[in-house]
Amino acid sequence: VVLTLSFRRASLKVKKTLVVSRDLQTSEIFCTNREQVLENISFEPLNYATLELYSQIHNISVVINSTPVGMYDSNSPLSENFIKRLNKEVLVYDLIYNPPKTKLLDFAEKNNLKILNGKSMLINQAGKAFELWTETKFPYDYINKLTLSF
């Protein structure tokens, strides 16, 4: 799970990224590798236990679930208690597109947070691949209308 922090609400510029994993060592390796490439963003490694105690929760602006947690079961990578503590301006983005609403998105919606699932990412990736392979413009509008009910 990746959480971005923006210390100025009006700013879309990411100041800090929290990288959360089951074990701290995995998060630390990820952060070290990213800091070598993205010098303008600071990274903070956490595990799920330390995230629950994170003192700067009010500065989180985006939550991105990039794990498969919630795809095959009704689990959430973040607790409902953690979601309740987020400020109401947060976007919760779950990259999972099936099911369309995971437990994480359900928690966020119940707490009046903005939610987004991974369908748009899937369509955009498919579109880019289609255009690269066929040298033909992908019908984004048509596909979005076609998949509206998903």
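Description of the overall build of the protein chain
Item 1. Summing up its helical and strand segments, the protein chain has six helices and six strands in all.
Item 2. Order of helices (α) and strands (β) in the protein chain, N terminus to C terminus: β-β-α-β-α-β-α-β-α-β-α-α.
Item 3. Summarising its shape, the C-alpha atoms of the protein chain cover approximately 45 × 35 × 35 Å along the three principal directions.
Item 4. Of all 150 residues assigned to the protein chain, the portion counted as buried reaches 37%.
Item 5. Counting contacts in the protein chain only where the partners sit at least 6 residues apart, residues at least 24 apart contribute 60% of the total.
Item 6. Accessible area for the protein chain stands at about 9,300 Å²; split by element, carbon and sulfur atoms hold 57% of it.
Item 7. Both charge centroids of the protein chain, one from 18 positive and one from 15 negative side chains, sit 6 Å from each other.

Let's talk about the packing of aromatic side chains
Item 1. The full count for this structure, using the stated rule, is two aromatic pairs.
Item 2. Through successive ring pairs, a cluster of aromatic residues spans Phe 130, Phe 138 and Tyr 140.
Item 3. Sitting over the ring of Phe 30, Arg 34 keeps its end group 4.0 Å from the ring centre.

So, the pairing of strand E4 (residues 60-65)
Item 1. Of the strand pairs in this sheet, E4 and strand E5 (residues 91-94) are connected by four bridges, and their pairing is parallel. What sits directly across from Val 63, in E5, is Val 92.
Item 2. For the handedness criterion, the β-α-β arrangement of E4, helix H3 (residues 80-85) and E5 is classed as right-handed.

Some thoughts on the environment of Gln 25
Item 1. Within the secondary structure, Gln 25 is located in helix H1 (residues 24-35).
Item 2. Residue Gln 25 is classed as exposed on the basis of its relative accessible area, which comes to 53%.
Item 3. For the pair formed by Gln 25 and Asn 47, sequence separation is 22 residues and the distance between their alpha carbons is 8.7 Å.

Re the pattern of salt bridges
Item 1. Counted under the stated rule, the structure contains four salt bridges.
Item 2. Of the charged contacts in the structure, one is a salt bridge between Lys 16 and Glu 44, with a shortest N-O distance of 2.7 Å. Of this pair, Lys 16 sits in strand E2 (residues 16-21) while Glu 44 sits in strand E3 (residues 42-47), and the two are 28 residues apart along the sequence.
Item 3. Among the ionic pairs, Lys 114 bridges to Glu 89, the shortest N-O distance being 4.0 Å. Of the two residues, Lys 114 sits in strand E6 (residues 114-116) while Glu 89 sits in the loop between H3 and E5, which places them 25 residues apart along the sequence.
Item 4. Of the residues examined, Glu 89 reaches a relative accessible area of 52% and is grouped as exposed.

Here we look at the side chain of Ser 21
Item 1. Tracing the sequence through the fold places Ser 21 in strand E2.
Item 2. Ser 21 gets classed as buried once you look at its relative accessible area, which sits at 17%.
Item 3. Setting aside its immediate chain neighbours within four residues, Ser 21 contacts Thr 26, Ser 27, Leu 46, Asn 47 and Tyr 48.

The rules behind each value
Residues numbered from 1 in each chain as written. Predicted model: local features only at pLDDT ≥ 70, side-chain atom pairs only at ≥ 80, totals over all residues. Heavy atoms only, no water. Helix = DSSP H or I, 4+ residues; strand = E, 2+ residues; numbered from the N terminus. Buried < 20%, exposed > 50% of the residue type's maximum accessible area, 1.4 Å probe, protein only. Contact = heavy atoms within 4.5 Å. Areas by Shrake-Rupley, 256 points an atom, 1.4 Å probe, with all protein chains shown as cover. Lys, Arg positive; Asp, Glu negative; His and termini not counted. Charge placed at Lys NZ, Arg CZ, Asp CG, Glu CD. Phe/Tyr/Trp six-rings, centres within 6.5 Å; stacked < 30°, edge-to-face > 60°. Lys NZ or Arg CZ within 6 Å of the ring centre and 35° of its normal. Pairing = 2+ DSSP bridges. Right-handed = clockwise from strand over helix to strand, strands pointing away. Salt bridge = Lys/Arg side-chain N within 4 Å of Asp/Glu carboxyl O.

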